[in-house]
Amino acid sequence: MISALPRRRTLLAASTATLLALLVSGCGVGGGDAHRIRVGVSGDSPEWDILAKEAKKEGLTVETVVFDDYSLPNKALSAGDIELNAFQHLVFLAQSNTENKTDIAPIAATTVVPLGLYSGKHKQLADLPDRAEIALPNDPANQGRGLRVLEQANLIELRKDAGLFATPDDITANPKHLRLTPVNAQQTPRTLKDTDAAIINDGVAELAGIAADTALFKDDPAAPQSVPYLNVIAARSDRKDDADYRKIVELYASQAVQDEVRRTSNGTAHHIELPAADLQAEVARIQKQLKR
């Protein structure tokens, strides 16, 4: 953390009531500065410390607000309690907009990170026994991707038309008779002591001290089918063209910030730049799929 900056990192607990209480109590996320931008993140995000230092030179004060529940950053953004968030991929955003009737738009792509299958008991994919229990995220966006990881690892087969939001009901072949246990995405590392393996998001694995190179299998973040899983910086749609936000986007793509992203991800994060209009079109496409 860069102590020279007049910013505070606030941990927001996993309930809307707690969120509102913290905001009202003035614990570091209250408004008032027109050039103060609060960015909701999940877990430690040191690249935003680097960005905040550079933003100060542009007359902007950037503060990160850390959420420990994936359901909260979009609610806080929609309510105006933060200005931006940077914690989710396009599929998750589309799902959130659809379920919560919000209008949040991606304004820049940040990175794609691999999704991996990890184990505390087995060293190789081939070691998974018959009837192995595997934990996977229970939210539709990450569960669908997790099932694709298992399919790419040749552990299961899914219906060809399963789409981005596949569920265990879409499994057409399961030769090892895997037992799938859906859990909260951020709790997946805790299941390793009781299961044979778990699908764990890259950022969640990092926070749990799980080395990325220990995965039994990972998907390829550079593959074309990974585009829906681009992580993004998001804003309310009515402010998506804000000039200060454009500065933030430019700073995120800077060498200093990207060097920190590579350092903290051990090289697993792939930075991809796509026009905001393309990102917004992809969200709209995914939302149409959700409404079918």
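The rules behind the values
- Residues numbered from 1 in each chain as written.
- Predicted model: local features only at pLDDT ≥ 70, side-chain atom pairs only at ≥ 80, totals over all residues.
- Heavy atoms only, no water.
- Helix = DSSP H or I, 4+ residues; strand = E, 2+ residues; numbered from the N terminus.
- Buried < 20%, exposed > 50% of the residue type's maximum accessible area, 1.4 Å probe, protein only.
- Polar contact = N/O pair within 3.5 Å; in protein donor to acceptor, adjacent residues only side chain to side chain.
- Contact = heavy atoms within 4.5 Å.
- Salt bridge = Lys/Arg side-chain N within 4 Å of Asp/Glu carboxyl O.
- Core = buried A, V, L, I, M, F, W, Y, C linked by side-chain atoms within 4.5 Å.
- Pairing = 2+ DSSP bridges.
- Expected span 1.5 Å × (residues − 1).
- pLDDT = per-residue confidence, 0-100.
- Phe/Tyr/Trp six-rings, centres within 6.5 Å; stacked < 30°, edge-to-face > 60°.
- Lys NZ or Arg CZ within 6 Å of the ring centre and 35° of its normal.

Peer 1: Can you break down the side chain of E83 residue by residue, with the values?
Peer 2: Looking at where E83 falls in the secondary structure, it is placed in the loop between α3 (72-79) and β4 (84-89). For E83, a relative accessible area of 10% gives the class buried. Among the polar contacts listed, one links the side chain of E83 to the side chain of R38, at a separation of 2.4 Å. Excluding anything up to four places from it in sequence, E83 contacts R36, I37, R38, L77, A234, A235, R236, R239 and Y245.

Peer 1: I'd like to hear about the pattern of salt bridges, residue by residue, with values.
Peer 2: Scanning all chains against the criterion turns up twelve salt bridges. In this structure, the salt-bridge partner of R38 is E83, at a minimum N-O distance of 2.4 Å. Of the two residues, R38 sits in strand β2 (residues 36-42) while E83 sits in the loop between α3 and β4, which places them 45 residues apart along the sequence. Summarising the burial analysis for this pair, R38 and E83 share the class buried. One salt bridge connects D194 with K193, and the closest N-O pair in it is separated by 3.9 Å. Summarising the burial analysis for this pair, D194 and K193 share the class exposed. Look at the salt bridges and you will find they share partners, linking R159, D161 and D170 into a network.

Peer 1: Got a sec to walk through the nonpolar core? Specific residues and values, please.
Peer 2: By size, the foremost hydrophobic cluster in this structure holds 38 residues, and its most contacted members are L90, V91, Y118, I200 and I286. Only β3 (61-67), α3, α4 (90-100), β5 (104-109), β12 (197-201), α6 (202-207), β14 (231-236) and α9 (276-290) provide two or more residues apiece to this core. Broken down by element, the residue count for this core peaks at five residues, all from α4. What Y118 contacts, discounting residues up to four positions off in sequence, is L192, D196, A197, A198, I200, A205, I210, A211, A212, T214, A215 and K218. Core analysis: the second largest hydrophobic core is formed by 24 residues, A52, V66, L84 and Y245 among them.

Peer 1: An account of unusual backbone geometry is needed here, citing residue identities and associated values.
Peer 2: The backbone of K101 shows a phi angle near 55°, a positive value even though the residue is not glycine. Here K101 lies in the loop between α4 and β5. Here K101 falls in the exposed class, since its relative accessible area comes to 75%. Non-glycine residue H177 carries a positive phi angle of around 55°. Along the chain, H177 falls in the loop between β10 (171-173) and β11 (179-183).

Peer 1: Could you give an account of the sheet that holds strand β13 (residues 217-218), naming the residues involved and the relevant values?
Peer 2: Taken in spatial order, the five strands make up an open sheet running β11-β8-β12-β7-β13, and their pairing is mixed. Strands with a single pairing partner mark the edges of an open sheet, and in this sheet they are β11 and β13.

Peer 1: Tell me about α9, and name the residues and values.
Peer 2: The periodicity of an α-helix, 3.6 residues per turn, causes residues three or four places apart in sequence to face the same way. In this model, α9 (15 residues) spans 21 Å end to end at C-alpha, consistent with the 21 Å of a helix rising 1.5 Å per residue. Against α4, β5 and β14 lie the buried residues of α9.

Peer 1: An account of the confidence of the model for the protein chain is needed here, citing residue identities and associated values.
Peer 2: Any residue range with low pLDDT should be treated as having predicted coordinates unsuitable for detailed reading. Averaged over all residues, the pLDDT of the protein chain is 87; the fraction at 70 or higher stands at 88%. In the predicted structure, residues 1-32 sits below a pLDDT of 50 and forms 67 contacts with residues beyond four places in sequence or in another chain.

Peer 1: How would you sum up the side chain of Q258? Please name residues and give values.
Peer 2: Tracing the sequence through the fold places Q258 in helix α8 (residues 255-264). Leave out the neighbours within four places in its chain, and Q258 touches Y252, A253 and H271.

Peer 1: For the packing of aromatic side chains, give the residues involved together with the corresponding values.
Peer 2: Within this structure, the stated rule accounts for four aromatic pairs. With centroids separated by 5.6 Å and ring planes inclined at 45°, the aromatic side chains of W48 and Y252 adopt a geometry described as tilted. In this pair, W48 sits in helix α2 (residues 46-57) while Y252 sits in helix α7 (residues 243-252), placing the two residues 204 residues apart along the sequence. Across the pair, Y252 and W48 agree in class, each one buried. Arranged with centres 5.7 Å apart and planes meeting at 80°, the rings of F87 and F92 form a pair that is edge-to-face. Among the aromatic residues, ring-to-ring pairing joins Y70, F87 and F92 into one connected group. A cation over an aromatic ring shows up here: R145 above the ring of Y229, its NZ or CZ 4.6 Å from the ring centre.

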